[in-house]
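Observations on the three-dimensional arrangement
What follows is each chain in one-letter form.
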There are 2 protein chains.
Amino acid sequence: MPKSKTAKPDARKTTGRTRQPDVTRRNILDAALVEFAAKGLSGARVDEIAARSGSNKRMIYEYFGNKDGLWLTVLERAYERMREEEHAIDVARMSPVEGMRYLMEFNFKFCSRNPEFIALLNAENLHKASFLKNSKKIRELYTPLLVVITDLLQRGQRDGVFRKNVDPVELYTTIAALGFFYFSNIHTLSTIFGRNLLSPKQQKTRLDHSIAVVLGYLRP
Amino acid sequence: MPKSKTAKPDARKTTGRTRQPDVTRRNILDAALVEFAAKGLSGARVDEIAARSGSNKRMIYEYFGNKDGLWLTVLERAYERMREEEHAIDVARMSPVEGMRYLMEFNFKFCSRNPEFIALLNAENLHKASFLKNSKKIRELYTPLLVVITDLLQRGQRDGVFRKNVDPVELYTTIAALGFFYFSNIHTLSTIFGRNLLSPKQQKTRLDHSIAVVLGYLRP
DNA sequence: CGGAGAAGTAACTGACCAGTTACGAAATTC
DNA sequence: GAATTTCGTAACTGGTCAGTTACTTCTCCG
């Protein structure tokens, strides 16, 4: 279970101080995630992260070297978290249509639940993915979703409920796009349309439509 | 015709100096677009914009007040440009299917042609659209595309080539998402997939798939 | 208990940067 | 061609911020 978004540091003062390097480390990363997501890499302040983490600057530089190192670690951790959640997906026992529906719902709600992840990815794209490219940790980054989609497509085609010749990577991109874009651009879209797209009602409308688009397309 | 992306200032030195406030203004805005798109609001440097524009800081503060004022003007200008291009779209004489295809191609290629626009929007969303919300100029921001989509949908439904009960705003969002997301996340996606998604070939594959998705969905 | 090392604090440094100013040069106006 | 306005330059200011350091306090472990 990931820590809450408000990133309150673990209560260490109540129990008296103890040496918990991993807890300190995690507190810093949680605080950094919030700060980086809210202000981007250049906008984020190390002092602010230190204050919010309940730790201090010295520890940040001890553990992560510098601001860039901290950024990379936060980014890697975000990807890991996503992969973990995706790994828990099991649509083997669902019908292709059910499975696809479930998958899209998962992806959509993941984006809804993790606005920091979206902000992080956008910032990383602004930097042309330079950190991600140089990350040793992130080599086998192929998302588990892709495997699941491939399986669903095959079964669906065999059963005659899905059309043939659908490229899984393209479909994955489409599904990712339909969830990601809405939340990534939610503020400018809300302004343009004059609606509050953050509301659960609007989100449901959007998800339903997205599912209809993909399932509609997949009809033979 | 918009100025080139490299934002070379107009040749004023060759013709000797003359007073051309509007040219200076435009040169500054062109330079600012490049700088803001490359580094975001907080990452951008006013000194750099001044140098690149062929003008100087004093003029920037004379015309735009401060960095935020410059940002807002750049943002407004980018939207205006998009609206202008969209206004030129005329699908009245095309069949609904042809028209829809053309529309998606336009949207996709617009994103491809204007990476700064995408970077700008992402940065503005990071700031929760706070500048856009306070812009007096951008009130009637409803994109012309929306009108065109509504028309195409009606004609297509009447002719029996499109399904019924499609919400134009939802479809617009979907079309926007399919173009925008690809280019917005092109660097992280390229890294994850190990492909260069900037290549024309990959772009064509992506556009074809996107069109197939929307047209496939729209089948009755 | 006592020494070693880990964790915490706050002041400091040096670079950077948004925004200002003083002044000079050019150009337009009359 | 003198007055007035516009434009350009470069130095300056005050604040901010990443990263460092000197020193203290705590914890662990023998």
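Cut-offs applied
Residues numbered from 1 in each chain as written. Chains lettered and ligands numbered in written order. Predicted model: local features only at pLDDT ≥ 70, side-chain atom pairs only at ≥ 80, totals over all residues. Heavy atoms only, no water. Helix = DSSP H or I, 4+ residues; strand = E, 2+ residues; numbered from the N terminus. Buried < 20%, exposed > 50% of the residue type's maximum accessible area, 1.4 Å probe, protein only. Contact = heavy atoms within 4.5 Å. Areas by Shrake-Rupley, 256 points an atom, 1.4 Å probe, with all protein chains shown as cover. Lys, Arg positive; Asp, Glu negative; His and termini not counted. Charge placed at Lys NZ, Arg CZ, Asp CG, Glu CD. Phe/Tyr/Trp six-rings, centres within 6.5 Å; stacked < 30°, edge-to-face > 60°. Buried area = accessible area lost by both parts, 1.4 Å probe. Salt bridge = Lys/Arg side-chain N within 4 Å of Asp/Glu carboxyl O. Polar contact = N/O pair within 3.5 Å; in protein donor to acceptor, adjacent residues only side chain to side chain. Nonpolar A, V, L, I, M, F, W, Y, C, P; charged D, E, K, R; others polar. Domains from an automatic or database assignment.

Here's the deal with the overall build of chain A
- Tallying secondary structure elements over chain A gives 11 helices and zero strands in all.
- Secondary structure elements in chain A, listed N-terminal to C-terminal, are α-α-α-α-α-α-α-α-α-α-α.
- With 220 residues in all, chain A has 54% of them scored as buried.
- Long-range pairs, those at least 24 residues apart, make up 67% of the contacts in chain A with a sequence separation of at least 6.
- Within the structure as shown, chain A displays about 10700 Å² of accessible surface, and the carbon and sulfur contribution to it stands at 54%.
- Mean positive and mean negative side-chain charge positions of chain A (36 and 24 charges, respectively) differ by 4 Å.

Considering the packing of aromatic side chains
- Overall, the coordinates contain 22 aromatic pairs over all chains when judged by the stated rule.
- Geometrically, the ring pair formed by Y172 of chain A and F193 of chain B is edge-to-face, given 6.1 Å between the ring centres and 75° between the ring planes. Here F193 of chain B lies in helix α10 (residues 186-193) and Y172 of chain A lies in helix α9 (residues 168-184), a pairing that spans two chains.
- When its relative accessible area of 8% is taken as the criterion, F193 of chain B is described as buried.
- An aromatic cluster of at least three residues, connected via ring pairs, comprises Y79, F106, F110 and F117 of chain A.

Observations concerning the interface of chain A and chain B
- In this assembly, 51 residues from chain A lie in contact with 51 residues from chain B.
- Taken over both partners, the interface formed by chain A and chain B buries close to 4600 Å², and the fraction arising from carbon and sulfur atoms is 62%.
- Linking chain A with chain B are two salt bridges, by the criterion used here.
- Remark: the boundary between chain A and chain B carries 22 residue pairs in polar contact (both at pLDDT 80 or more).
- With 12 residues, the top contributor of residues to the side of chain A that touches chain B is α9 of chain A.
- Taken together, the residues that form the side of chain A that touches chain B break down as 27 nonpolar, 15 polar and nine charged.

A short note on the domain arrangement of chain A
Residues and elements named next belong to chain A.
- Assigned domains of chain A: these are domain 1 (1-11 + 20-65) and domain 2 (78-218).
- Centre-to-centre separation of domain 1 and domain 2, based on C-alpha positions: 28 Å.
- Each partner contributes to the interface: domain 1 provides eight residues, whereas domain 2 provides seven residues.
- Summing both partners gives a buried area of about 730 Å² for domain 1 against domain 2, and 69% of it is carried by carbon and sulfur.
- The interface formed by domain 1 and domain 2 holds one salt bridge in total.

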